[in-house]
Amino acid sequence: MSRTLRVSVRNAKFQQWETLLRNRTKRHRAGSFLVQGVRPISLAVEHGWSVEALLYDADRRQLSDWARGLLERPHIEQAAVSSELMAELGEKDEQAPELIAQVRIPQRRLADLSMRDDWLGIVIDRPTSPGNVGSLIRSADAFGADAVVITGRNAADPYDPKAVRASTGSLFAMPVVSAASAHEVVEWARKQPHAPVIVGTDERGEQMLSEHDLRGPTLLVIGNETTGMSKSWFELADATARIPMSPKAASSLNAANAGSVALYEAARQRA
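In what follows, the accompanying structure is described. Within each chain, residue numbers correspond to sequence positions counted from 1 in written order. Predicted model: local features are reported for residues with pLDDT of at least 70 only, side-chain atom pairs are reported and counted for 80 or more only, and whole-chain, interface and lining totals are derived from all residues. Working from all heavy atoms in the structure, the side-chain values ignore hydrogens and water.

1. Regarding helix 10 (residues 255-270)
Quick reminder of the rule: A run of H or I in DSSP counts as a helix once it spans at least four residues, and a run of E counts as a strand once it spans at least two, with each numbered from the N terminus. One less than the residue count of a helix, multiplied by 1.5 Å, gives the span that helix is expected to have. The buried label applies to any residue whose accessible area, calculated with a 1.4 Å probe on protein chains only, is under 20% of its type's maximum; exposed applies above 50%, and partly exposed to all values in between. Whether two residues touch is decided by their heavy atoms; if any such pair falls within 4.5 Å, the residues are in contact. We call two N or O atoms a polar contact when they sit within 3.5 Å, provided that within protein one can donate a hydrogen and the other can accept it, with sequence-adjacent residues counted only if both atoms are side-chain atoms.
With 16 residues, helix 10 should reach 22 Å at 1.5 Å per residue; the first-to-last C-alpha distance of 23 Å fits that figure. Those residues of helix 10 lying buried are Ala 255, Ala 256, Ala 258, Gly 259, Ser 260, Ala 262, Leu 263, Glu 265, Ala 266 and Gln 269. Packing partners of the buried residues in helix 10 comprise strand 6 (120-125), helix 6 (130-142), strand 9 (197-201) and strand 11 (218-222). At the N-terminal boundary of helix 10, the capping side chain belongs to Asn 254, with an oxygen 3.2 Å from the backbone nitrogen of Ala 256.

2. Section: the pattern of salt bridges
Under the convention used in this document: Salt bridge, as used here: a side-chain nitrogen of Lys or Arg that lies within 4 Å of a carboxyl oxygen of Asp or Glu.
In this structure the tally under the stated criterion is 18 salt bridges. Across the salt bridge formed by Asp 157 and Arg 27, the nearest N and O atoms sit 2.9 Å from each other. Taken together, the residues Asp 157 in the loop between strand 7 (147-151) and helix 7 (161-167) and Arg 27 in helix 2 (residues 24-30) connect sequence positions 130 residues apart. Relative accessible area serves as the criterion here: at 3%, Asp 157 is assigned to the buried category. Between Arg 165 and Glu 91 there is a salt bridge, with its nearest N and O atoms 2.6 Å apart. Taken as a pair, Arg 165 in helix 7 and Glu 91 in the loop between helix 5 (83-89) and strand 5 (99-104) lie far apart in primary sequence, 74 residues in all. Through salt bridges with shared partners, a single network forms among Arg 10, Glu 84 and Glu 88.

3. A look at the packing of helix 6 against helix 10
Convention followed: To define axes, lines are fitted to C-alpha atoms, for helices over the stretch in contact only, and angles between the resulting N-to-C directions are given on a 0 to 180 degree scale. Relative orientations are named as follows: roughly parallel for angles under 35 degrees, roughly antiparallel for angles over 145 degrees, roughly perpendicular for angles from 65 to 115 degrees, and oblique for any other angle. Polarity classes work like this: nonpolar for Ala, Val, Leu, Ile, Met, Phe, Trp, Tyr, Cys and Pro, charged for Asp, Glu, Lys and Arg, and polar for all others, with Gly in that last group.
Two numbers describe how helix 6 lies on helix 10: the axes approach to 9 Å, and their chain directions differ by 10°. Considering the angle they form, helix 6 stands roughly parallel to helix 10. Contact with helix 6, carried on its side by Asn 132, Ser 135, Leu 136, Ser 139 and Ala 140, involves Ala 255, Ala 256, Gly 259, Ser 260 and Leu 263 of helix 10 and no other residues of that element. Looking at the contact of helix 6 with helix 10, its residues break down into 5 nonpolar, 5 polar and no charged.

4. Observations regarding unusual backbone geometry
Of note, His 75 is a non-glycine position whose phi angle comes to about 65°, a positive value. Note on placement: His 75 falls in the loop between helix 4 (65-71) and strand 4 (77-81). On the basis of relative accessible area, His 75 is assigned to the exposed category, the value being 69%. Even without a glycine there, the phi angle at Arg 126 is positive, about 50°. The residue Arg 126 is located in the loop between strand 6 and helix 6 in this model.

5. Here we look at the environment of Arg 242
Note on placement: Arg 242 falls in strand 12 (residues 239-242). A relative accessible area of 25% places Arg 242 in the partly exposed class. C-alpha of Arg 242 to C-alpha of Ala 53: the two residues are 189 residues apart in sequence and 45 Å apart in space. When neighbours within four sequence positions are excluded, Arg 242 is seen to be in contact with Asp 202, Glu 203, Gly 205, Glu 206, Gln 207, Met 208 and Leu 209. Separated by 2.8 Å, the side chain of Arg 242 and the backbone oxygen of Gly 205 make a polar contact.

6. A look at helix 6
For helix 6, built from 13 residues, the straight-helix expectation of 18 Å at 1.5 Å per residue is met to within 8% by its first-to-last C-alpha distance of 18 Å. Every buried residue of helix 6 is listed here: Pro 130, Asn 132, Val 133, Gly 134, Leu 136, Ile 137, Ser 139 and Ala 140. Immediately beyond the C-terminal end of helix 6, within one or two residues, lies Gly 144, with a positive phi of roughly 80°.

7. Thoughts on the sheet that holds strand 1 (residues 4-7)
The test is simple: For two strands to be treated as a pair, DSSP must find at least two bridges joining them.
Pairing is mixed across the open sheet formed by 5 strands, whose spatial order is 1-4-3-5-2. Two strands bound the open sheet, and with one partner strand each, they are strand 1 and strand 2 (32-36). Ignoring which end each strand starts from, the neighbouring axes of this sheet average 25° apart. In terms of strand pairing, strand 3 (residues 51-57) meets strand 4 through 5 bridges, oriented parallel.

8. Description of the packing of aromatic side chains
How we decide: For Phe, Tyr and Trp, rings pair up if their centres lie within 6.5 Å, where Trp contributes its six-membered ring, and each pair is then called stacked (planes under 30 degrees apart), edge-to-face (over 60) or tilted (otherwise).
Using the criterion set out here, one finds 6 aromatic pairs in the structure. Ring plane angle 75° and centroid distance 6.3 Å describe the contact between Phe 33 and Trp 49, whose orientation is recorded as edge-to-face. Taken together, the residues Phe 33 in strand 2 and Trp 49 in the loop between helix 3 (38-46) and strand 3 connect sequence positions 16 residues apart. On the basis of an interplanar angle of 65° and a centroid distance of 6.1 Å, the ring pair of Trp 119 and Trp 188 is categorised as edge-to-face. Of the two residues, Trp 119 sits in the loop between strand 5 and strand 6 while Trp 188 sits in helix 8 (residues 182-190), which places them 69 residues apart along the sequence.

9. Structural notes on the environment of Glu 72
Mapped onto the fold, Glu 72 is located in the loop between helix 4 and strand 4. On the basis of relative accessible area, Glu 72 is assigned to the exposed category, the value being 64%. When the C-alpha positions of Glu 72 and Pro 244 are compared, they lie 52 Å apart, and in sequence the two are 172 residues distant.

Right under this line is the structure:
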């Protein structure tokens, strides 16, 4: 049977949940993160992610059928939390969410990814914005990619609440793996039976992205929002391509938009 906690003050338990929202180091040390929203929580459950606890609004007169259905699941800790505290954890100023899920962070590695002859992956190199990470995960899901790889020891965290929200639930449908460096990713990729062509994106690329054959196993690389791809990726990529832009453009595309365009081009060629 599930056991129910009752939290109406900012006690140690509430502070633990708050830490999962605010502190990346402690979030990964605890091995779990908070998920807000009907669609993301539903997709987490649908795709078999481990739900450690369900927090619900203790002051709400009646929960929805959706929320009650989740709370009826056995072996999940439940917490009845006051509306005021739920609003804080839901990061909403006015209305408290009726449900928040505490979900286990999966321990995924590059070695866990399986590759086919039409495999498509995207690398986000040293991203600084959790929102961009979440948006690219969403695009990867939409355009049929098989995995998202995030490189860089200080890269934005895909389990940051901003990233989780921006992914609109795609985080739970898309394998997301972190790697320390370009060398680690390339070493893994070269060992695969269907080794992918690695195509970096940069405004100085010699060819347009559309001139590259992206129909076979492909790994697209999107650089940092400010500095672009690292020197290592320039040296290790098989090719570097540019996305066509208007000569009148005041600035280049941001990382999330550039990645979405690259993924669209790969999907277009494969249609």
